[in-house]
Structure formats: structure tokens, C-alpha cells
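# A look at the structure
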Amino acid sequence: METAKRMGADEALLSGDETIARIMDITAQQGAQLVLDMVGIDPTLRMAAQVARTLGHLTIVGLGGGALPVNFSSPPHECSVASPYWGSLPELMEVITLAQQDKIKMLVEHFPLQRAGEAYQLLDEGKILGRAVITPEV
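Scope of this entry: the structure provided in the associated data block. (Residues numbered from 1 in each chain as written. Predicted model: local features only at pLDDT ≥ 70, side-chain atom pairs only at ≥ 80, totals over all residues. Heavy atoms only, no water.)

## Description of the packing of aromatic side chains
Quick reminder of the rule: A pair of Phe, Tyr and Trp rings is counted when the ring centres sit within 6.5 Å of each other, with Trp represented by its six-membered ring. The angle between the planes then sorts it: under 30 degrees is stacked, over 60 is edge-to-face, the rest tilted. Exposure is judged per residue with a 1.4 Å probe applied to protein chains only, and the accessible area is read against the type maximum: over 50% gives exposed, under 20% gives buried, and values in between give partly exposed.
Under the counting rule described, the total for this entry stands at one aromatic pair. Both rings, one in Tyr85 and one in Trp86, keep their centres 5.5 Å apart while their planes meet at 75°; by these two values the pair is edge-to-face. A residue is classified by how much of its surface remains accessible, and Trp86, at 67% relative accessible area, is exposed.

## Some points on the pattern of salt bridges
Selection criterion: Whenever a carboxyl oxygen of Asp or Glu lies within 4 Å of a side-chain nitrogen of Lys or Arg, that contact is scored as a salt bridge.
What the rule picks out here adds up to three salt bridges. Close ionic contact of Arg115 with Glu118 constitutes a salt bridge, the shortest N to O distance being 2.8 Å. Residue Glu118 is classed as partly exposed on the basis of its relative accessible area of 37%.

## Focus on helix H5 (residues 116-124)
What counts here: A run of DSSP states H or I qualifies as a helix once it reaches four residues; a run of E qualifies as a strand once it reaches two. Both are numbered from the N-terminal end. Working note: the arc is built from the helix axis to C-beta atom directions. Any two residues having at least one pair of non-hydrogen atoms within 4.5 Å are treated as being in contact.
Every buried residue of H5 is listed here: Ala116, Ala119 and Leu122. End-on view of H5: buried residues confined to an arc of 125°, all on one side of the axis. Among the exposed residues of H5, those pointing more than 90 degrees away from its buried face are Gly117, Tyr120 and Asp124. Tucked inside the fold, the buried residues of H5 contact strand S4 (108-112) and strand S5 (131-135).

## Points about the nonpolar core
The line we're drawing: To qualify as a nonpolar core, a set must consist of buried Ala, Val, Leu, Ile, Met, Phe, Trp, Tyr and Cys residues joined through side-chain atoms within 4.5 Å.
The biggest cluster of nonpolar side chains holds 15 residues, and the ones touching the most others in it are Ile20, Val35, Val51, Leu58 and Leu68. Mapped by element, the contributors of at least two residues to this core are helix H2 (17-26), strand S1 (32-37), helix H3 (42-51) and strand S2 (52-60). Look past the residues within four positions of Val35 in its chain and what remains in contact with it is Ala48, Val51, Ala52, His57, Leu58 and Thr59.

## Things to note about the sheet that holds strand S3 (residues 80-82)
So the rule is basically this: By this definition, two strands are paired if DSSP reports at least two bridges between them. All axes here are fitted lines through C-alpha atoms, helices being fitted over the stretch that makes contact, and every angle between N-to-C directions spans 0 to 180 degrees.
With parallel pairing, the three strands of this open sheet are ordered in space as S1-S2-S3. Looking along the sheet, the strands with just one partner apiece sit at the ends: S1 and S3. Neighbour-to-neighbour, the strand axes of the sheet open up by a mean angle of 10°, direction not taken into account. Here S2 pairs with S3 via three bridges, running parallel. Each residue of the ladder has a partner; that of His57, found in S3, is Ser80. Each of S1 and S2 touches H3; the most contacted strand, S2, lies at about 155° to it.

## What about the side chain of Thr27?
Put simply, the rule is: Two N or O atoms count as a polar contact when they lie within 3.5 Å, although within protein this holds only if one can serve as hydrogen donor and the other as acceptor, and sequence-adjacent residues are included solely when both atoms are side-chain atoms.
As for its position among the elements, Thr27 is in the loop between H2 and S1. A polar atom in the side chain of Thr27 sits 2.9 Å from the backbone oxygen of Ile23. In this structure, Thr27 is in contact with Ala32 and Arg53, ignoring residues within four places of it in sequence.

## Looking at unusual backbone geometry
Residue Pro75 is bonded to the preceding Ser74 through a cis peptide linkage, with omega at -5°. Along the chain, Pro75 turns up in the loop between S2 and S3. One non-glycine residue with positive phi stands out, namely Ala28, at about 55°. Relative to the helices and strands, Ala28 is located in the loop between H2 and S1.

Structure (C-alpha cells):
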């Protein structure tokens, strides 16, 4: 959460009932216009459905294997849901342009192939901020 704040987040909250209440307070009880679930497990998807607003958008990015609860009132009415696995070529070009303009900050830690096991262990322990990238030595 400290990293999120350092990178520009206005709020950094742990998931849970208190966070749902805080998001509803921040949004004057309307819910969030855009919800990005970067985890994709049952608890985060359930929370995402609870904090999205009517006519909002929920994107499931995380590949955690959870299921989004869907019924007549969840997600809210006319809230669109997407689970993209990748973007289009024009979108990728836009992301590259943003990165070149230093408008996107990336946290990446590189590991040589020989240290792949260590990288996975550090990920499992929550000791990597951002992404771990494993590359073969050339």
C-alpha cells in the first residue's frame, strides 16, 4: 500500500468490509465508476461487484480463478464487465507511448534463469514489488 501511495494513488486500502464502506463514502454512496480487479479471486471479485456503480465498468485483470457473483442486482444495473487477456495493437502502441513519456511507472525486478526458483519464492512471500521478470542469459 505504501508503494501504491508513492506511485500516486489517492487511497490505498486493504480489501474487506471496511474498504467497501470507505469506497462508498468517497463516492457519495454511488460506487466507483471504474473497478479494476487485479487479483481475480472470489473475495476480490465479490468486493468489486459491491463497489461498482450503476452504468460503471468492472474489468477483471487478475487470473486468480475466482468467479464474479452475478444476479439481478450484482454487479449493479448496466455495469459493464470485461475480462480482457490482452489489448489490441493500437492499445499496445498507446501504452508504449505512455511509457516512453514517463507517464507509466513500472516496478520490475529482473532475475537470470538460474534464479527462477528464488524469484518464485520471493513472489510467494510477497517480497517482490511489481513484477519479477526471468530472462535467459545470452
